[in-house]
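Listed below are the residues making up each chain.
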Amino acid sequence: MRVGEGGAAAQGELFHAIGGSETFDLLVRRFYERVQTDPVLWPMYPQHDLEGAIHRLSSFLQQYWGGPTTYSQERGHPRLRARHAAFKVNPEARDHWLGHMRDALDTLDLSPLQHATFWGYLDRAAHSLVNTFAE
């Protein structure tokens, strides 16, 4: 996991360059607006703790891209594969997730390089979390 706030980060400048926490929070809220209408994904999410899910994803992305280290302080190492192991992440779920994230990302006012950099990470991460090919 990237350190954030002055430490090493994948793209340490991206956090600040795209608008900091406000932009990440906006992205994640727009993503979850879409997820709530998705019959494949929504059952996997904690509907009783939607604000918690929003906070966790936004905090993770902020830290990854060079922002505050809130995620690690609250939850430790991300262990993305382990945290998603309980869910059936098949190619269909991955593609739905990517579609909603792409739609949310497209609403932000990012430069082409910022968009491509951010999207490249999201795409790789989503593919890495596929844990089944069963329907």
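Structure's up top.
Nothing here was measured: the structure is a model prediction, and the numbers come from that model.

Enquirer: Just checking my understanding: could you explain the overall build of the chain for this structure?
Expert: Of regular secondary structure, the chain possesses seven helices and zero strands. If you list the helices and strands of the chain from N to C, you get α-α-α-α-α-α-α. Computed over the C-alpha atoms, the radius of gyration of the chain is 14 Å, within 12% of the 14 Å expected from 2.2 N^0.38 for a compact globule of 135 residues. The C-alpha extent of the chain, read off along each of the three principal axes, is 40 × 30 × 25 Å. Considering the chain as a whole, with its 135 residues, one finds that 42% of them fall into the buried category. The contacts of the chain with a sequence gap of at least 6 include a subset with a gap of at least 24, amounting to 73%. For the chain, the computed accessible surface area is about 7200 Å², with 53% contributed by carbon and sulfur atoms. Between the mean site of the 13 positive side-chain charges and the mean site of the 16 negative ones, the chain shows a separation of 7 Å.

Enquirer: When you look at the nonpolar core in this model, what are you seeing that I'm missing?
Expert: Counting residues in hydrophobic clusters, the biggest one holds 35 residues, and the most contacted among them are Phe31, Tyr32, Leu61, Trp65, Trp97, Phe118 and Leu122. If you list the elements that add at least two residues to this core, you get α1 (12-17), α2 (20-35), α3 (50-64), α6 (91-106) and α7 (112-128). Setting aside its immediate chain neighbours within four residues, Trp97 contacts Phe31, Leu41, Tyr45, Leu122 and Ala126.

Enquirer: Would you mind showing me how to read the side chain of His100 here?
Expert: As for its placement among the helices and strands, His100 is situated in helix α6. Excluding residues that lie within four positions of it along the chain, His100 makes contacts with Phe31, Arg34, Val35, Asp38 and Leu41.

Enquirer: I would appreciate a short explanation of the packing of α2 against α6 in the present structure.
Expert: At a minimum axis distance of 8 Å, the contact between α2 and α6 shows a crossing angle of 135°. Taken as axis vectors, α2 and α6 run oblique relative to one another. Two packed elements cross with a definite hand, and for α2 against α6 that hand is right-handed. On α6, the residues that touch Leu27, Arg30, Phe31, Arg34 and Val35 of α2 are Trp97, His100, Met101, Asp103, Ala104 and Leu105.

Enquirer: Help me out: how do you make sense of α6 in this one?
Expert: Along its 16 residues, α6 runs 22 Å from first to last C-alpha, staying within 8% of the 22 Å computed at 1.5 Å per residue. Residues of α6 that are buried in the fold lie against α2, α3 and α7.

Enquirer: Just checking my understanding: could you explain the packing of aromatic side chains for this structure?
Expert: For any two aromatic rings, the description comes down to two numbers: the centre-to-centre distance and the angle of the planes. This structure, assessed with the given rule, holds 11 aromatic pairs. On the numbers, 5.7 Å between centres and 35° between planes, the contact of Phe24 with Phe118 is tilted. Of this pair, Phe24 sits in helix α2 while Phe118 is found in helix α7, placing the two residues 94 residues apart along the sequence. Of the two residues, Phe24 and Phe118, neither departs from the other in class, the shared state being buried. Judged by centre distance (5.8 Å) and plane angle (85°), the rings of Trp65 and Tyr121 are edge-to-face.

What counts and what doesn't
- Residues numbered from 1 in each chain as written.
- Predicted model: local features only at pLDDT ≥ 70, side-chain atom pairs only at ≥ 80, totals over all residues.
- Heavy atoms only, no water.
- Helix = DSSP H or I, 4+ residues; strand = E, 2+ residues; numbered from the N terminus.
- Rg over C-alpha atoms; globule rule 2.2 N^0.38 Å.
- Buried < 20%, exposed > 50% of the residue type's maximum accessible area, 1.4 Å probe, protein only.
- Contact = heavy atoms within 4.5 Å.
- Areas by Shrake-Rupley, 256 points an atom, 1.4 Å probe, with all protein chains shown as cover.
- Lys, Arg positive; Asp, Glu negative; His and termini not counted.
- Charge placed at Lys NZ, Arg CZ, Asp CG, Glu CD.
- Core = buried A, V, L, I, M, F, W, Y, C linked by side-chain atoms within 4.5 Å.
- Axes fitted to C-alpha atoms, helices over the stretch in contact; angles between N-to-C directions.
- Parallel < 35°, antiparallel > 145°, perpendicular 65-115°, else oblique.
- Left-handed = near helix turned anticlockwise from the far one by under 90°.
- Expected span 1.5 Å × (residues − 1).
- Phe/Tyr/Trp six-rings, centres within 6.5 Å; stacked < 30°, edge-to-face > 60°.

That is the geometry; function is a separate question.
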